[in-house]
Amino acid sequence: MKIRNFAVEYHFYRLQIITCLITNMWLKTYPHLFHTAAACAGLLLSATALSAQEQNIAVIRPTDTPAEIVRKAANVVPSERQFNWQRQELTAFLHYGVNTYTGREWGDGTESPAVFNPTALDADQWIRELKAAGFRCAILTCKHHDGFCLWPSACTEHSVKHSPWKNGKGDVVREVSDACRKYGMSFGIYLSPWDRNSKLYGTEAYNDYFVSQLTELLTQYGKVSEVWFDGACGEGANGKKQEYDFVRWYSLIRRLQPDAVIAVMGPDVRWVGTETGRGRETEWSVVPKDNLDQETIAKNSQQEMLTAPVGDMRGQDLGSRKVIEKAKSLVWYPAEIDVSIRPGWFYHADQDSKVKSPKELMDIYFTSVGMNGVLLLNLPPDKEGRLAEADVKSLRGFHRLYDATFSRNLLTGSKVVCRLSEGKTGNVVDGDYDTSVLPDMKGGRAVFLFRMKHPAAFNVLSIQEDIRKGQRVEAFSLEVKDARGKWKEVATGTTVGHKRLLKFPIQTAGEVRLTIRQARAVPAISEIGLYRLVE
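It should be emphasised that the depicted structure is a prediction, and the values quoted were computed from it without experimental measurement.

What counts and how
- Residues numbered from 1 in each chain as written.
- Predicted model: local features only at pLDDT ≥ 70, side-chain atom pairs only at ≥ 80, totals over all residues.
- Heavy atoms only, no water.
- Helix = DSSP H or I, 4+ residues; strand = E, 2+ residues; numbered from the N terminus.
- Expected span 1.5 Å × (residues − 1).
- Buried < 20%, exposed > 50% of the residue type's maximum accessible area, 1.4 Å probe, protein only.
- Arc of directions from axis to C-beta.
- Contact = heavy atoms within 4.5 Å.
- Polar contact = N/O pair within 3.5 Å; in protein donor to acceptor, adjacent residues only side chain to side chain.
- Lys, Arg positive; Asp, Glu negative; His and termini not counted.
- Salt bridge = Lys/Arg side-chain N within 4 Å of Asp/Glu carboxyl O.

**Thoughts on helix H7 (residues 172-183)**
Right, so step 1: The end-to-end C-alpha separation of H7 is 17 Å, in line with the 16 Å expected for twelve residues at 1.5 Å each.
Right, so step 2: Residues Val172, Val173, Val176, Ser177, Ala179 and Cys180 constitute the buried set of H7. Mapping the buried residues of H7 onto a view down its axis gives an arc of 160°, with all of them on the same face.
Right, so step 3: Buried residues along H7 sit in contact with strand S2 (90-94), helix H6 (123-132), strand S3 (137-143), strand S4 (186-191) and helix H8 (204-219).
Right, so step 4: For H7, the N-terminal cap is Asp171; the gap from its side-chain oxygen to the backbone nitrogen of Val173 is 3.1 Å.

**Brief notes about the side chain of Glu105**
Right, so step 1: Relative to the elements of secondary structure, Glu105 occurs in the loop between helix H5 (99-102) and H6.
Right, so step 2: Buried Glu105, no salt bridge; nearest opposite-charge side chain is Arg342, N-O distance 9.2 Å.
Right, so step 3: Reaching out from Glu105, the side chain makes a polar contact with the side chain of His348 at a distance of 2.6 Å.

**Re unusual backbone geometry**
Right, so step 1: The phi angle at Asn167 is positive, at roughly 55°, despite the residue not being glycine.
Right, so step 2: Tracing the backbone shows Asn167 in the loop between S3 and H7.
Right, so step 3: A positive phi angle, near 70°, is found at Val264, a position not held by glycine.
Right, so step 4: Inspection of the secondary structure puts Val264 in strand S6 (residues 261-264).

**As for the pattern of salt bridges**
Right, so step 1: A full pass over the atoms with the stated rule returns 34 salt bridges.
Right, so step 2: The partner of Glu89 in a salt bridge is Lys499, with the nearest N and O atoms 2.9 Å apart. One end of the pair, Glu89, is in the loop between helix H4 (80-88) and S2; the other, Lys499, is in the loop between strand S17 (487-493) and strand S18 (500-519), with 410 residues separating them in the sequence.
Right, so step 3: You can call Glu89 buried: its relative accessible area is 11%.
Right, so step 4: A residue is classified by how much of its surface remains accessible, and Lys499, at 10% relative accessible area, is buried.

See the structure below:
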C-alpha cells in the first residue's frame, strides 16, 4: 500500500497555485518576457499554463508514477525558436579580434586598439563561402574576454573606433550582419560577459554597462537569431570577479530579439560538454531542468585544451528513464556541438597545416547533426581579414562530400509497408520534413518495410522525428534481406530526435526493414533514408 505524504503534497500544490497566479499575471502584462523568466529564474510551470505550441516544460509531481513521468517527457516539445534553430543543422563561429593579431587565444585587456589593422577585411567572402557550404547561421565574436569591441560601441573606447583600420570608421559587426542579409544567412552574436579591460567589471555598474553593449548589438544590426554566452567569469582589470545578472540579460534579449535563441549559458540551447565535435550516442533533448550548473560550463567552455565530458549536463546519460524519474521538472534543452576547424579558436599561421580535412568534417557532421545536435563550426578569419585558403579548401571539400552522399535517398520510389494510425507511408521517403507519420505501436513496436525498385549499395541510415510532436524513440534497428531471403541486422541505435545518422559496412539489398523497438509514446517519423558514403 502506497503511503501519501500529505505535507509534501500540500506544499507542492500550494506552490502550483502561486505559480499559476504569477503565470497569469505575467502573461497578461509581459507575454514576451514570460518564457525567459520561466526558463531562467526557476519558475515552476504547470502544463496547462502554456499554449499547446509552447509546452516545453513539464512539472513532475511527487505522486507521479514512472509511467506518468515518461508520458510527460514524451510530450515536452521545442519552442518555435528552438525548432527553427535545430532545423539549421550547420552554423558557424567566427572568432576574430585583437587575438588574431597578438597570436593569443585569451587576451588580457591591455592590448592597444592599434594592433587591430586588417589589410583586406572581406566579410562578404566569409559569408559567401559559408553559404555555399550549406551553413545557415554565422555567429561573430563581437567582444571576447579582452573587452575589445568589433563595433564602435558608445560604452567604451576599447574598440575599432580607435584602431587604424578604416581610420577608426570601420564596423566589423555591420559588415558581417550586412553580408548575412545579402546571402540569406542568419546572424548571431557572441558577447563575452567576462571583460578584462573594463574597470567596471566586478561591480554592479558592470551589469548596466553590459546591458548597454548588448542593447547596441540587438538594436543596430537587424535581426539576430542567436545570442551566445559562454559564462567565463575570471578576474577583471581591478582583480574582482563579476556576479552576472543573467535573468536581466535574457529578459532584454526576449524583448528586443524575441526570435533569438540564447545559447550555452542560456535557457534555449545547452553546450554538449566538449569541443571535440562529438555528441552522445544517446542524445536526449528533454532533460531535467534542475541539472544546470553555471560553474562547470564556464570552467570548460571555450578553453584552449579539449576536455572530456564529466558529470552534470556533460555526462553521458542526461535524459534516460532512470534519470528523469528523479527530476523535479523536465525541459526541452537541445545540444549545440562546437568545434574549431583548427586546433585554436583564433587564427594562427602556424596552424595552416593542421586544418581538419573534408573527411574529418564529414565525420563531425555524423557525430553532431547525426546525433541530434546542431554543429557550430569555428572558422577564424586571418590577419588580412579573410578566411584562410586552407580553411576554405577544406570547407568546399566537405560540401562536395556532403552532396555526393546525401543528394539522393536510395529509398525514394520504394514501396513502403507499415501499419499507420496517421499519415501516408510515402511520407517517410518524400524528402519533406513536414510530412510525418504516426505508426501503429500496438505491442510496443513498429516496422517499416521497404521494397526497392532495384537492389542498391548503401552504408548510411538516416532517421528523423518531427520533434514538434516530441522526442520519443528509445531504440531502433535496421535489417536487410540477404540473397538467401534471410533477414540480417546491420545497425542499431537508441535516440533519434531531429536527425540520427548511423554508418555501417556496405550492404547491397533490395529489401530492408526499420523497426522501432521501444518508444516513450507513438513517435512522429518524418524521414527515413539510406545513402552511400564514399570513405
